[in-house]
Amino acid sequence: MKVRVNVMLKEGVLDPQGKAIGHALDVLGFHGLGEVRAGKLIEIEVPAQNEEAAVEQGEAMARELLANLVIEDFTVEVVS
Amino acid sequence: MKVRVNVMLKEGVLDPQGKAIGHALDVLGFHGLGEVRAGKLIEIEVPAQNEEAAVEQGEAMARELLANLVIEDFTVEVVS
Amino acid sequence: MKAGIVVFPGTNRERDMAQALRLVSGHEPQMIWHRETSLPSLDLVVLPGGFSFGDYLRSGAMGAHSPIMREVKAFAERGGHVLGVCNGFQILTEAQLLPGALLRNASMRFLSQDCFLKVENAGTAFTRGWSEGALFRAPMAHGDGNYNATTDVLDRLEGEGRVAFRYADARGNVSATDRRSNPNGSLRAIAGVLSENNRVCGLMPHPENLVDPDLGATDGVPLFKSLVESLVA
Amino acid sequence: MSMTVDAALAARFGLTTEEYGKVLAIMGRTPTLTELGIFSVMWSEHCSYKSSRVHLRTLPTKAPWVIHGPGENAGVVDIGEGLAAIFKMESHNHPSFIEPYQGAATGVGGILRDVFTMGARPVANLNALRFGDPAHAGTRRVVDGVVRGVGGYGNCVGVPTVGGEVNFHRAYDGNPLVNAMTVGVARQDRIFLSAAAGVGNPVIYVGSKTGRDGIHGATMSSAEFDENAASKRPTVQVGDPFTEKLLIEACLELMATDAIVAIQDMGAAGLTSSAVEMAGKGGVGIEMNLDHVPQRETGMTAYEMMLSESQERMLMVLKPERTEAARAIFEKWELDFAIVGHLTDTARITIVHNGEVEADIPLAPLADEAPVYHRPFVHTPKPARLGAVADPEGIEHALLHLLACPDLASRAWIWNQYDSGVGGQTARRPGTADAAIVRVEGTRRGLAITTDCTPRYCQADPHDGAMQAVAEAWRNITATGARPLAVTDNLNFGNPEKPEIMGQFADAVKGMGEACWALDFPVVSGNVSLYNETKHPNGLRQSILPTPAIGGLGVIEDVTKAIGYGMPDGCDLVLIGEI
Ligand SMILES: Nc1ncnc2c1ncn2[C@@H]1O[C@H](COP(=O)(O)OP(=O)(O)O)[C@@H](O)[C@H]1O
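What you see is a predicted model; the values in this text were computed from it and never measured. Within each chain, residues carry numbers counting from 1 in the order of the written sequence. Chains and ligands are labelled sequentially in the order written, the chains with letters from A and the ligands with numbers from 1. Thresholds applied to this predicted model are a pLDDT of at least 70 for local features of residues and 80 or more for the giving and counting of side-chain atom pairs; totals over whole chains, interfaces and linings are not thresholded and use all residues. Excluding hydrogens and water, the side-chain values take into account all heavy atoms of the structure.

### Re the interface of chain A and chain B
As a reminder of what qualifies: It only takes one pair of heavy atoms within 4.5 Å for two residues to be counted as in contact. Accessible area, probed at 1.4 Å, shrinks when two parts are joined; the buried area is that loss added up over both. Any Lys or Arg side-chain nitrogen found within 4 Å of a carboxyl oxygen on Asp or Glu counts as a salt bridge.
Between chain A and chain B, the contact holds 32 residues from the first and 32 residues from the second. Here chain A meets chain B over a buried area of about 2400 Å², counting both sides, of which 69% is carbon and sulfur. Interface area lost by chain A to chain B is led by Phe 30, Leu 41 and Leu 65 of chain A, which between them contribute 20%. Here chain A and chain B share two salt bridges between them.

See below:
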């Protein structure tokens, strides 16, 4: 099964990437954008029998390595 | 409306980051993982009236800036 | 030779480049702010190293969309000579003035070390100061220098003599899989490439940091000598 | 937590009962929350040097070539040809344990601002690092994050990282040391100071927007680490080296004009310390309206804005007629620029937000009555003399053993992640000479720069260990052929309320001072980091080794004469000195 771990900076934590991207989009002519935030996504083939187990494995990996819980939040979803 | 642009390296382009993450996860005791791929996600508040328009705007931004189509693919989804 | 150096917000090797051009050509290059919408009359445009716009999305991606890049493209289309070093190379690929892309180093770390480059095509305005197969030392300092392109593109580049430089070991041996001589993992150990007309050149390492005998090495001088000799009208 | 101002809240902000009593006496009333916040950060160990000041006063700080000693943002020395080197070292120890990458990165950002705020273009960074035992479970995470963070920030801003040092010891397991040093070069006639002047002159905020980052960072960095450190995590600041690079260029561009009256970076305790210090040093008052502060988040209170430690910000006092020209420069670099207040003749700091006066404090007592402690101390017992050293393994094994030990093994894996050549002036990179050599642009001169300290010597004998650190820095500079000029320091110690730790501190400062006097090698800037200890789950508190890191600077007239330690073929090896 394949899970996707989405990792984003926590609310309130400065996001220099998102700031720069928002600025660049505006310069390119995409005006009126609100907040832009940048994050990471990691897709992993996990050896799970069912969705629940897959999500659990994804969460464990996120907590242990993929997300830096000091400044980041994550969500996990099954993609296939 | 908020859209999410997911950017991943194309199939066939070597993904050193995914490989490094997969290796690190294995070392941490997550064995038996299949392919691991790393990408970026960008969440953007767009000034769109409906989902269709929001997705279209997201796609335009991805094509222009957010993805490098030489090496990357993208998908766009509405998140709220 | 009239040279211009494009400065983006976040560019940080423009002074190094200016020093090298000054030293070898005897002329002071012009600094060109990225928001300019026209270029002065120039023989050479240089895109120097750094972190344009922080390189926060992809290295060079935002720089490639700066207003001045439209002018740089037009300059190249008119047959002008353009040199991109490090971030400049990344910007040239993002702007599609050069083929391929520069991915994260295979080690996932920033690499700051000397490497050896082998001159693969000594018939261009950038390389004629060397002989074919010549080897020279240059420092690299980048996080995203892993050259990547499709097999078709790579074959074409090789077939047309558009690989300018490859990473090699101290004796000139090239091996794409040898992480010591090709530390960023570039496909076919490619360190620098040329455009179809051989007038746009991008490379990752920094010859401009090895031009001053007072600082102990002059390995990068031939690049600038080549340009001066080729471009002095 | 309840935010009613009383002795209990003051205690949570790190003020003792007596200190809070002083606050009440100065104010003549119960302070507002914002006022209490201002007192607590200004009187924190970090900002007030209350435990260390009486000792630091004994250090030599003068020499004919010293232009500005301690008291300014960084030390300034004459390097000839009308130029000055401006340099300082600063710690970011606690943040680097909580979040190694961002802690180290923002440490580099902070010390860079201390230097370019005085008008210098930064030309070199160094980093003195101490990590826990390599075998300890958490060490790898900290080492990896810190090294990436130092590189990530320095490489992006384009200042070469040319040297440093690294030690490993279990005393640093839960409390690594990240001491960052920056050296910059300025013209002697264009040095900018922080004392504000000119009643009515505008106070300008430039750089990044203010968020709720690192509120109470200054008091936290003076508070001991314990297992609750994790709960303090939301206060972590994220660095933005790209914005810092723009800030450097914009400030230097503005500094080439005559617009600036005074300038100060927003470091620990951000707006509070910059506003208080500028006005206090200039003997004027300052009024700021926080409605005009560029804000990243909505609904921020005065308390939050005054204590925010958002990075990449500066405060300036400008000549009024130059304000618009200055604005144009910052707009060109796409940085925020806001007039947030003006200087007054009240000798008070007055903070207005949403039409309310949120703080109104007399500046002189805030500075003059800041606590100063003569903390009791006991000396470290002199170690017994070493007897004959047994040789259980033979000299070859011993040599291999030494070469492989973490404190002596190659550091190439670290400096290969740092851009040491950007700027095009690096004459001696890491691993090629006893001190790094960076040429001064436009001249043939070079600066020789090094950081040194051997913590286990200081543990055995703080006085002699600190002397040795100064002597080593001096030797490293002279070994390249350069003339030593001055030092900066970063004094990292444990809890000063413990007499034996205070004894380490006092003796180390004494030893440092004696060495600096003897070598005519004055101290022109520095930083003190106390309370470096870890509380273990079993309740035990372990102090770090006493670590007075020394950053030395020298000058060589001709960089082509600089000597490294590579030995060309056919040379003889000669030993000089006593065996
Ligand atoms: N953290 C670091 N960053 C950059 N360079 C470093 C760091 N640590 C050590 N170095 C460099 O590695 C080399 C060897 O360091 P060290 O063993 O401390 O030298 P020495 O004992 O000669 O002072 C020096 O050039 C030093 O500047």
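### A look at the packing of helix H1 (residues 16-27) of chain A against helix H2 (residues 51-66) of chain B
The condition is simple: Angles shown run from 0 to 180 degrees and are taken between the N-to-C directions of axes, each axis being a line fitted to C-alpha atoms and, for helices, limited to the stretch in contact. Labels follow the DSSP assignment, with helices taken as runs of H or I lasting at least four residues and strands as runs of E lasting at least two, numbered in each case from the N terminus. Note on terminology: angles under 35 degrees are roughly parallel, angles over 145 are roughly antiparallel, angles of 65 to 115 are roughly perpendicular, and the others are oblique. For this classification, the nonpolar set comprises Ala, Val, Leu, Ile, Met, Phe, Trp, Tyr, Cys and Pro, the charged set comprises Asp, Glu, Lys and Arg, and every other residue, Gly included, is treated as polar.
Between H1 of chain A and H2 of chain B, the least distance of the axes is 11 Å, while the angle of their chain directions is 100°. For the element pair H1 of chain A / H2 of chain B, the angle class is roughly perpendicular. Residue-level inspection shows Ile 21, Ala 24 and Leu 25 of chain A of H1 of chain A in contact with H2 of chain B, the latter providing Met 61, Leu 65 and Leu 66 of chain B. For the contact of H1 of chain A with H2 of chain B, a count of residues per class yields six nonpolar, no polar and no charged.

### Concerning the site of the ligand
Residues and elements named next belong to chain D. Put simply, the rule reads: When we say a residue is near a molecule or strand, we mean one of its heavy atoms is within 4 Å of it. Any pair of nitrogen or oxygen atoms within 3.5 Å is treated as a polar contact; in protein, a donor-acceptor pairing is required on top of that, and neighbouring residues in sequence qualify only through side-chain atoms on both sides. For accessible areas, the Shrake-Rupley method is used with a probe of radius 1.4 Å. Any residue's cover is judged against the shown protein chains and nothing else.
The immediate surroundings of the ligand are formed by 16 residues, with Asn 127, Gly 164, Trp 415, Tyr 418 and Gly 431 found nearest. Take Glu 165: an N or O atom from its main chain is 3.2 Å from a nitrogen atom of the ligand. With respect to the ligand, the side chain of Trp 415 contributes an N or O atom lying 3.1 Å from an oxygen atom. If the ligand stood free it would expose 550 Å²; the protein chains cover 79% of that surface. Mapped by element, the contributors of at least two residues to the shell around the ligand are strand S4 (121-131), strand S5 (161-168) and helix H16 (412-415). Here the element with the most residues in the shell around the ligand is S5; it accounts for four residues. Tallied by class, the residues present in the shell around the ligand amount to seven nonpolar, five polar and four charged.

### Focus on the pairing of strand S3 (residues 83-91) of chain D
Residues and elements named next belong to chain D. Under the convention used in this document: Throughout this description, buried means an accessible area under 20% of the type-specific maximum (1.4 Å probe, protein chains only), exposed means over 50%, and partly exposed covers the range between. A pair of strands is considered paired only if DSSP assigns at least 2 bridges between the two.
When you tally the buried positions in S3, you get nine out of nine residues, the bulk of the element. Every second residue of S3 is oriented toward a common face, with Leu 83, Ala 85, Phe 87, Met 89 and Ser 91 on one face and Ala 84, Ile 86, Lys 88 and Glu 90 on the other, all of them buried. The antiparallel pairing of strand S2 (residues 75-80) with S3 creates a hairpin that spans two residues between the two strands, and Glu 81 there sits at a positive phi of about 55°. Two strands pair when backbone bridges link them, and S3 and strand S6 (residues 177-187) are joined in this way by nine bridges, in the antiparallel orientation. Bridge pairing in S6 links Ala 85 to Val 185.

### What to know about the state of the cysteines
The test is simple: Here, the term disulfide refers to a pair of cysteine sulfur atoms separated by no more than 2.5 Å.
Within this structure, the stated rule accounts for zero disulfides over all chains. For the unlinked cysteine Cys 453 of chain D, the closest cysteine sulfur is that of Cys 458 of chain D, found at 4.1 Å.

### Here we look at the sheet that holds strand S2 (residues 36-45) of chain A
Ordered by their spatial adjacency, six strands build an open sheet running S3(A)-S1(A)-S2(A)-S2(B)-S1(B)-S3(B), and the pairing between neighbours is antiparallel. The open sheet has two edge strands with one neighbour each: strand S3 (72-78) of chain A together with strand S3 (72-78) of chain B. If you compare each strand with its neighbour and ignore which way they point, the axes differ by 25° on average. Sheet analysis places S2 of chain A next to strand S2 (residues 36-45) of chain B, joined by nine bridges and oriented antiparallel. The residue bridging Ile 44 of chain A from the neighbouring strand is Val 36 of chain B, located in S2 of chain B. Against the sheet, helix H2 (residues 51-66) of chain A touches strand S1 (2-9), S2 and S3 of chain A, its axis set at about 155° to S3 of chain A. Against the sheet, helix H1 (residues 16-27) of chain B contacts S2 of chain A together with S2 of chain B, and its axis sits at roughly 115° relative to S2 of chain B.

### A closer look at the nonpolar core
Quick reminder of the rule: Throughout this description, the term nonpolar core refers to a set of buried Ala, Val, Leu, Ile, Met, Phe, Trp, Tyr and Cys residues connected via side-chain atoms within 4.5 Å.
Core analysis: the largest hydrophobic core is formed by 142 residues, its most contacted members being Ile 44 and Leu 66 of chain B, Leu 83 and Phe 165 of chain C together with Met 316 and Phe 330 of chain D. Counting residues per element, this core draws most heavily on helix H10 (residues 241-255) of chain D, which supplies nine residues. Once you skip the residues sitting within four places of it in the chain, Met 316 of chain D turns out to touch Pro 202, Val 203, Ile 204, Val 206, Leu 254, Ile 260, Ala 262, Ile 263, Met 278, Phe 330 and Phe 337 of chain D. Within the second largest apolar cluster, 50 residues are counted, among which are Ile 38, Ala 269, Leu 315 and Ala 359 of chain D.

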